[in-house]
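Commentary on secondary and tertiary structure
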Amino acid sequence: METIKRLYQNYLNKKKSKDFTPFVKKSQRSFWGNVILGLFLLVMALAFFFPVVYMVSQSLKPMNELFVFPPKIFVTNPTFDNYRDFANVLANTVVPMSRSLFNSLFVVVIGSVGHIVLASLCAYPLAKYKFPGSKFFNQIIVYSLMFNSAVTMIPNFLTIAGLGMLDTQWAIIIPGFASTLGLYLMKNFMEQIPDSLMEAAQIDGAGYLRIHFTIVMPVVKPALVTAFIMVFQSFWTNTGDKFIYTEAQKGFAYVVGQVASGKVAGVGTSYVGISSASSVIMFAVPLIVFLIMQNNVVSTMATSGMKE
Amino acid sequence: MAASKISFKRRAQLTLRDMKRGIPLYIMIAPFMLLFFVFVVYPVLKAIWFSFTDFNVLEKANFVGLRNYQKLFLDDTNFITAIKNTFIIAVIVGPGGYIMSFLLAWMINELPHKVGTVLTVIFYAPSMAGTAVISVFTQIFSNDSNGYLNAFLRSLGMNDPILWLSDKEFIIVVVILASLWMSMGVGFLSFVAGIKGVDEAQYEAGAIDGIRNRWQELWYITLPNMKPQLLFGAVMTITGSLSVGSIGDSLVGFPSPNYASHTIVNHLNDYGSIRMEMGYASAIAVILFLIMIVCNGLIQKLLRKVGT
């Protein structure tokens, strides 16, 4: 155990020193190189941020500005009316809003956390050990990412029906666990962990599970975070297709989608405003999760100073 | 040579021994793999089987041999158009999006941590907002002379507004631009996380060894250190750029005027979700699957040359 502690301490020290060293010796940065990079980044950032700015500005427009012609990008008299209308519609649905919100939260939380645990457990052996079948599993995971899901929905429906999970939350959660995208991402990051780190732990008598939770998981934190964001988003925005399995358990995203597309009675033309408010809210949730998670990843991998 | 001389019996014994040693590893991957085989592999195999039948969801599937494939390539001119469009889009969006996400991730890494995080969010935002931002593109590329792009071109002296969303020459251009806008997805996030993981000590060593500028640093140190992320990004790019479809749907409707932006995925959804000819749709999915596998093989070969 001593060696692991020492190595891990070493790693933490490295990490600390990296975060707080004011300068890192790198090759020269030319001034004009910096200017060009900066300008390029600025232009790109403006281009990529434009849709979001537009979306937010649209949601703050009062009715007369929404339909003004020619259309304007920025709002002149910002108002929160659209958000109020949106809240009103949601408050007056037949099935209370809290129900669909709860449905969504339940699926999102259990689904994302469960996926990360199961997939990371599977990713570690596949990334770092050779055993009979490991090559086959690795290949099949990559290929599984390439098959269009539109045609696998019916076999899946039959399986889910056979397992008696129809019309329950589990019909979304359990197949969601098996999403290979997060697994593949984590596996690729784990491949970079130096073998020496794990060998040392093994010599000290740590089992695979112990190595997994005390060494591998902390080291690949950036990948875990990325995978979490990805999974979170896919569960959160899950509106249509997968719900053929759970007609009775609609989630928040589905209800909002119905409201936003004007399919709820009594909304009328004001759905344009409501719909823009709803897209901002639907977008804000993963954004907040993203920011919280990103803030937790200060820096990086344990590879410092440990080359094979 | 030595390996091939070992008798079959001996090899079986060795494999068995390795399997026994790997039992803890098998236990670790078992929960995920079980779900993976039930909810991913089995449906895919089933869909491949459907592609040889006339399955239409309602009636029992009859085996028809290769008739679906024959019909696809010989009788279905829309499918040929779809293949052509998909390749046009993928050839630009694939490498374009891939290189752009890498370069942006790399530039972000040159900035202070806080600024970098903000920029990461900005670039990822369009992918995170998903279909909600499509309305912005509709507004930008609007056909009338007050669409943002047309208004801009008019102010430069152009007379007639360009019919971006109905002229078949331009539809595909718009789809490509919108897809590029949305292409900073998970691959980009993994690049950002991966670049942070490159050991600073290597840059210092590189500077001593005579690496002069950031471009050399990029080619000789950063890229070779990021192979797992580059691979992950490549798979994401392949699956993403060859599955463009929904963006065109939301921009110009389905089917696109004169099938100008009809892609393989559009074709697949047409038969799979609208006409419910599941057998035929499965055949399309299988072909798309094969195209992706071939592309993946080619790109893996290319990536092996990085940093040499």
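Right above here is the structure, for reference.
An account of the accompanying structure is given in this report. (Residues numbered from 1 in each chain as written. Chains lettered and ligands numbered in written order. Predicted model: local features only at pLDDT ≥ 70, side-chain atom pairs only at ≥ 80, totals over all residues. Heavy atoms only, no water.)

Describing the interface of chain B and chain A
Under the convention used in this document: Note on contacts: a residue pair qualifies if any of its non-hydrogen atoms lie within 4.5 Å across the two residues. By definition, the buried area sums, over both parts, the 1.4 Å-probe accessible area that each loses when the two are put together. By convention in these notes, a salt bridge is any Lys or Arg side-chain nitrogen within 4 Å of a carboxyl oxygen on Asp or Glu. Any pair of N or O atoms that falls within 3.5 Å is considered a polar contact. Within protein, one atom must be able to donate a hydrogen and the other to accept it, and sequence-neighbouring residues count only if both atoms are side-chain atoms. Secondary structure elements are taken from DSSP: a helix is a run of H or I of four residues or more, a strand is a run of E of two residues or more, and numbering for both begins at the N terminus. The classification used treats Ala, Val, Leu, Ile, Met, Phe, Trp, Tyr, Cys and Pro as nonpolar, Asp, Glu, Lys and Arg as charged, and all other residues, Gly among them, as polar.
The partner chain A presents 97 residues to the 97 residues of chain B that form the contact. Ranking the residues of chain B by area buried against chain A places Met28(B), Phe32(B) and Phe39(B) at the top, with a combined share of 10%. Counting every contact that joins chain B to chain A gives zero salt bridges. Across the chain B-chain A interface, the total number found is eight residue pairs in polar contact (both at pLDDT 80 or more). Of the residues forming the side of chain B that touches chain A, the biggest block, 22 residues, is contributed by helix H3 (residues 23–50) of chain B. Taken together, the residues of the side of chain B that touches chain A break down into 68 nonpolar, 18 polar and eleven charged.

So, the nonpolar core
Residues and elements named next belong to chain B. For the record, the criterion: For the purposes of this section, nonpolar cores are sets of buried Ala, Val, Leu, Ile, Met, Phe, Trp, Tyr and Cys residues that join through side-chain atoms within 4.5 Å. For every residue, the accessible area obtained with a 1.4 Å probe (protein chains only) is divided by the maximum for its type, and the residue is called buried under 20%, exposed over 50%, and partly exposed between those limits.
The biggest cluster of nonpolar side chains holds 187 residues, and the ones touching the most others in it are Phe 123 and Phe 137. It is helix H16 (residues 278–304) that provides the largest number of residues to this core, a total of 14 residues. The residues touching Phe 137, leaving out its near neighbours within four places in the chain, are Ala 178, Trp 181, Met 182 and Leu 251.

Side note on the pattern of salt bridges
Under the counting rule described, the total for this entry stands at six salt bridges over all chains. Glu191(A) is the salt-bridge partner of Lys187(A), the closest N and O atoms lying 3.0 Å from each other. Here Lys187(A) falls in the buried class, since its relative accessible area comes to 5%. For Arg275(B), the salt bridge is made with Asp270(B), and the minimal N-O distance between the two is 2.9 Å. Exposure remark for Arg275(B): the relative accessible area of 41% places this residue in the partly exposed category.

What about the packing of aromatic side chains?
Stated formally: Aromatic contacts are taken between Phe, Tyr and Trp rings whose centres are within 6.5 Å, Trp giving its six-membered ring; a plane angle under 30 degrees counts as stacked, one over 60 as edge-to-face, and the others as tilted. To sit over a ring, a charge needs its Lys NZ or Arg CZ within 6 Å of the ring centre and within 35 degrees of the ring normal.
All told, the structure shown has 28 aromatic pairs over all chains when counted by the stated rule. Seen from their ring centres, Phe137(A) and Phe37(B) are 6.3 Å apart, and the 80° between their planes marks the pair as edge-to-face. Placement of the pair is Phe137(A) in helix H6 (residues 134–144) and Phe37(B) in helix H3, with the two residues belonging to separate chains. On the accessibility criterion, Phe137(A) (15% relative accessible area) is buried. Ring geometry for Phe102(B) versus Phe191(B): centroids 5.5 Å apart, planes at 75°, classification edge-to-face. Note that Phe102(B) is positioned in helix H5 (residues 77–109) and Phe191(B) in helix H10 (residues 186–196), a separation of 89 residues in sequence. Each member of the pair, Phe102(B) together with Phe191(B), is buried. Three or more aromatic residues joined by ring pairs form one cluster here, namely Phe136(A), Phe137(A), Phe32(B), Phe36(B) and Phe37(B). Between the NZ or CZ atom of Lys71(B) and the centre of the ring of Tyr280(B), over which it lies, the distance is 4.3 Å.

Comments concerning the side chain of Lys128(A)
All names here are of chain A. On the secondary structure map, Lys 128 appears in helix H5 (residues 97–128). Within polar-contact distance, the side chain of Lys 128 engages the backbone oxygen of Ile 193 at 2.6 Å. Of the polar contacts made by the side chain of Lys 128, one reaches the side chain of Asp 195; its length is 2.9 Å. Non-local contacts of Lys 128, meaning those with residues more than four positions away in its chain, are made with Met 190, Glu 191, Ile 193, Asp 195 and Met 198.

Here's the deal with the packing of helix H2 (residues 31–59) of chain A against helix H6 (residues 113–129) of chain B
As a reminder, the rule being used: Structural elements are reduced to axes, namely lines fitted to C-alpha atoms, with helices fitted over the stretch in contact, and the angle between N-to-C directions of any two is expressed from 0 to 180 degrees. Under this scheme an angle from 65 to 115 degrees is roughly perpendicular, one under 35 degrees roughly parallel, and one over 145 degrees roughly antiparallel; angles in between are oblique. What makes a crossing left-handed is the near helix being turned counterclockwise from the far one by less than a right angle; a clockwise turn instead makes it right-handed.
Relative orientation of the contacting elements H2(A) and H6(B) amounts to 45°, with a least axis distance of 9 Å. Between H2(A) and H6(B), the angle falls in the class oblique. The crossing of H2(A) and H6(B) is left-handed. Here Leu41(A), Met44(A), Ala45(A), Phe48(A), Phe49(A), Val52(A) and Met55(A) of H2(A) lie close against H6(B), whose contacting residues are Leu119(B), Ile122(B), Phe123(B), Ala125(B), Pro126(B) and Ala129(B). Of the residues that constitute the contact of H2(A) with H6(B), the class distribution is 13 nonpolar, no polar and no charged.

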